[in-house]
Amino acid sequence: MAQQTDTVVAPDTPGGSGARPQRARLRRARTLLGLVPFAIYVLLGLGLPTAAIAVGAFQNSSTGSFTLSNIDIAAHGIYLHGFATTLGVSVIAAIVPGIVGFLVAYAIFTARRGAVLRRAVITASGVFAYFGGVPLAFLFIATLGSTGMVTGWLTAIGLNPYTHGFNLYTFSGIVIVYMYFQIPLMVLVILPALEGLRPAWREAANNLGAGTWHYWRYVAGPVLMPSFLGCVLLLFGSAFSAYATAEALTSGSVPLTAIQIGSFLNGNVLAGQQNVGKALGLGMIVIIAIVMTLYAVLQRRAARWLQ
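What you are looking at is a predicted structure, and each value in this text was computed from that prediction instead of being measured. Here, residues in each chain are numbered from 1, in the same order as that chain's written sequence. The predicted nature of this model means local features are confined to residues of pLDDT at least 70 and side-chain atom pairs, given and counted, to a pLDDT of 80 or more, with totals for whole chains, interfaces and linings taken over all residues. Excluding hydrogens and water, the side-chain figures rest on all heavy atoms present in the structure.

Participant: Hey, could you go over the overall build of the protein chain for me, with residue numbers and the actual values?
Facilitator: Every helix listed is a DSSP run of H or I at least four residues long, and every strand listed is a run of E at least two residues long, numbered separately from the N terminus. Within the protein chain, the regular secondary structure consists of twelve helices and zero strands. In the protein chain, the succession of α and β elements from N to C terminus is α-α-α-α-α-α-α-α-α-α-α-α. Relative to the 2.2 N^0.38 estimate, which gives 19 Å for 307 residues, the radius of gyration of the protein chain is 28 Å and therefore markedly larger than a compact globule would have. The principal-axis extents of the C-alpha atoms in the protein chain amount to approximately 120 × 70 × 30 Å. Residues are treated as being in contact if the distance between any of their heavy atoms lies within 4.5 Å. Sequence-distant contacts, at least 24 apart, represent 72% of the contacts inside the protein chain between residues at least 6 apart. Radius of gyration here is computed from C-alpha atoms only, and the compact-globule reference equals 2.2 Å multiplied by the residue count raised to the power 0.38.

Have a look at this one:
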């Protein structure tokens, strides 16, 4: 007759496998707890203002009832022209600085890493990329304005730019001023992508008989293109949302959407159109959201190669 034995299962000890799920839950809870301050910041600084603009854009300023008149007004006339002008400035102030900034960044990338010039350019780019607003506008007015220092020098030798079609206080002037901080910004954001190019790729291409053109056409170009386009989109968003520089430079003579919204904030509105400014703001939010979504997609694609 076989002897029957009982199997006794010992309870999980604190260091046993039963405590592992609990420790994992605690780690997740601590991670989520660390995100709480950032979530509150995003909610108060971005979420609530966006919600207020989105709701106000569809409200009658007098009765508070639902209406599409604000959107209709914002999509026609001078406000539609403002969107077109803003898009034009942003496209030019993104593509041209994007190309120039890429060339400058590539020159820095190919320089010797310990070179003084490399460190100086990177440091200067970090300063110039965040120099804007009224000080930047005053800098250009004092330099290239109608009575600016450089304008005076050129006038003294018979080359007054204002008699040859140049005007700092117009569309072209805004683009020139924006390039002052857009080019350094491009240098800062594209340089990490350039540094992600592996020397082994160039060596492999050379061993296979590829020249410089073929290397950039079939290797470096496709790898860098998502990063380059993403950086250009970032420049577009920077120029599209800029306000203080253009306002101080032109005093509102160029109909940019940000300046038009500023007029509503200053109370320069017609009766019953107080919420048109919110409709304009909603339009800018939609455009920026599309741009940032495309930027995130391109950055994710670029990360596959540059990690």
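Participant: Give a detailed account of a nonpolar patch on the surface, specifying residues and quantitative values.
Facilitator: A contiguous nonpolar surface patch, about 660 Å² in accessible area, is contributed by Val91, Ile92, Ile95, Val96, Ile99, Val100, Leu103, Val104 and Phe171. By residue number, the principal contributor to the nonpolar patch is helix α3 (residues 77-110), which donates eight residues. Turning to its location among the elements, Val96 is positioned in helix α3. Like charges are joined within 9 Å and nonpolar side chains (Val, Leu, Ile, Met, Phe, Trp, Tyr) within 5 Å, but only among residues with over 30% relative accessible area and no salt bridge; these make up the patches. Residue exposure ignores everything except the shown protein chains as possible cover, and the areas themselves are Shrake-Rupley values with a 1.4 Å probe. The rule for a salt bridge is simple: a side-chain nitrogen of Lys or Arg has to be within 4 Å of a carboxyl oxygen of Asp or Glu.

Participant: Requested: an account of the packing of aromatic side chains, with residues and values cited.
Facilitator: Side-chain rings of Phe, Tyr and Trp, where Trp is taken by its six-membered ring, are said to pair if the distance between their centres is within 6.5 Å; with planes under 30 degrees apart they count as stacked, over 60 as edge-to-face, and otherwise as tilted. Evaluated as defined, the whole model comprises twelve aromatic pairs. Judged by centre distance (5.8 Å) and plane angle (80 degrees), the rings of Tyr215 and Trp216 are edge-to-face. Exposed residues in this analysis have more than 50% of their type's maximum accessible area, buried residues have under 20%, and partly exposed residues fall in between, with area computed by a 1.4 Å probe over protein chains only. Residue class for Tyr215 comes out buried when judged on its relative accessible area of 4%. A residue is classified by how much of its surface remains accessible, and Trp216, at 21% relative accessible area, is partly exposed. Sitting above the plane of the Tyr215 ring, Arg202 keeps its charged end 4.5 Å from the centroid. The ring of Tyr218 is capped by Arg217, whose NZ or CZ atom sits 4.9 Å from the centre of that ring. Whether a charge lies above a ring is judged from NZ of Lys or CZ of Arg, which has to be within 6 Å of the ring centre and within 35 degrees of the ring normal.

Participant: Residue-level account of the environment of Ala75, with values.
Facilitator: Tracing the backbone shows Ala75 in the loop between α2 (69-74) and α3. Judged by relative accessible area, Ala75 falls into the partly exposed class, the value being 36%.

Participant: Go over the nonpolar core, please, and point to the residues and values.
Facilitator: Across soluble globular proteins, nonpolar side chains have a tendency to be buried as a group. Of all hydrophobic cores here, the largest spans 39 residues; its most connected members are Phe102, Met186, Ile190, Leu194, Leu197 and Leu280. When contributions to this core are tallied by element, the ones reaching two or more residues are α3, α7 (171-195), α8 (199-207), α9 (212-241), α11 (257-265) and α12 (276-303). Discounting residues that sit within four places of it in the chain, Phe102 has contacts with Pro97, Met186, Ile190, Leu194, Trp216, Leu224 and Phe228. Throughout this description, the term nonpolar core refers to a set of buried Ala, Val, Leu, Ile, Met, Phe, Trp, Tyr and Cys residues connected via side-chain atoms within 4.5 Å.

Participant: A description of α11 should follow, citing residues and the corresponding values.
Facilitator: Within α11, seven of the nine residues are buried, which leaves it mostly tucked inside the rest of the structure. All buried positions along α11 are accounted for by Thr257, Ala258, Ile259, Gln260, Ile261, Gly262 and Phe264. Turning to α11, the residues buried within the fold contact α3, α10 (244-250) and α12. Gly267 occupies a position one or two residues after α11 and carries a positive phi of about 90 degrees.

Participant: Account for empty space enclosed by the protein, with residues named and values stated.
Facilitator: Site definitions follow a grid-based scheme: protein atoms alone, a 1 Å grid, a 1.4 Å probe that fits but cannot get out for cavities, and for pockets an open set with protein on both sides within 12 Å along at least five of seven lines, plus lining residues having an atom within 4 Å of a point. Grid points are joined across faces, edges and corners, and a volume is the space filled by probe spheres set on the points. As enumerated under the stated definition, the model contains one cavity of 30 Å³ or more in all. Of the pockets and cavities examined, the largest cavity occupies roughly 30 Å³. Taken together, Thr86, Val89, Tyr178, Ala239, Phe240, Ala242, Leu256 and Ala258 form the lining of the largest cavity. In the scheme used here, Gly and all other residues not listed as nonpolar or charged are polar, with Ala, Val, Leu, Ile, Met, Phe, Trp, Tyr, Cys and Pro taken as nonpolar and Asp, Glu, Lys and Arg as charged. Of the residues in the lining of the largest cavity, the class split is seven nonpolar, one polar and no charged.

Participant: Help me get a handle on the layout of surface pockets, residues and values and all.
Facilitator: The computed volume of the largest pocket comes to approximately 230 Å³. For the largest pocket, the full set of lining residues is Phe102, Trp216, Arg217, Ala220, Gly221, Pro222, Leu224, Met225 and Phe228. The greatest single-element share of the lining of the largest pocket, amounting to eight residues, is contributed by α9. Of the residues assigned to the lining of the largest pocket, the class counts are seven nonpolar, one polar and one charged. Looking at the second largest pocket, its volume works out to about 190 Å³. As for the second largest pocket, its lining consists of Gly45, Leu46, Pro49, Thr50, Ile53, Ser241, Gly281, Met284, Ile285 and Ile288. Those elements that place two or more of their residues in the lining of the second largest pocket are α1 (20-56) and α12. Taken together, the residues that form the lining of the second largest pocket break down as six nonpolar, four polar and no charged.

Nothing here speaks to function; it is all geometry.
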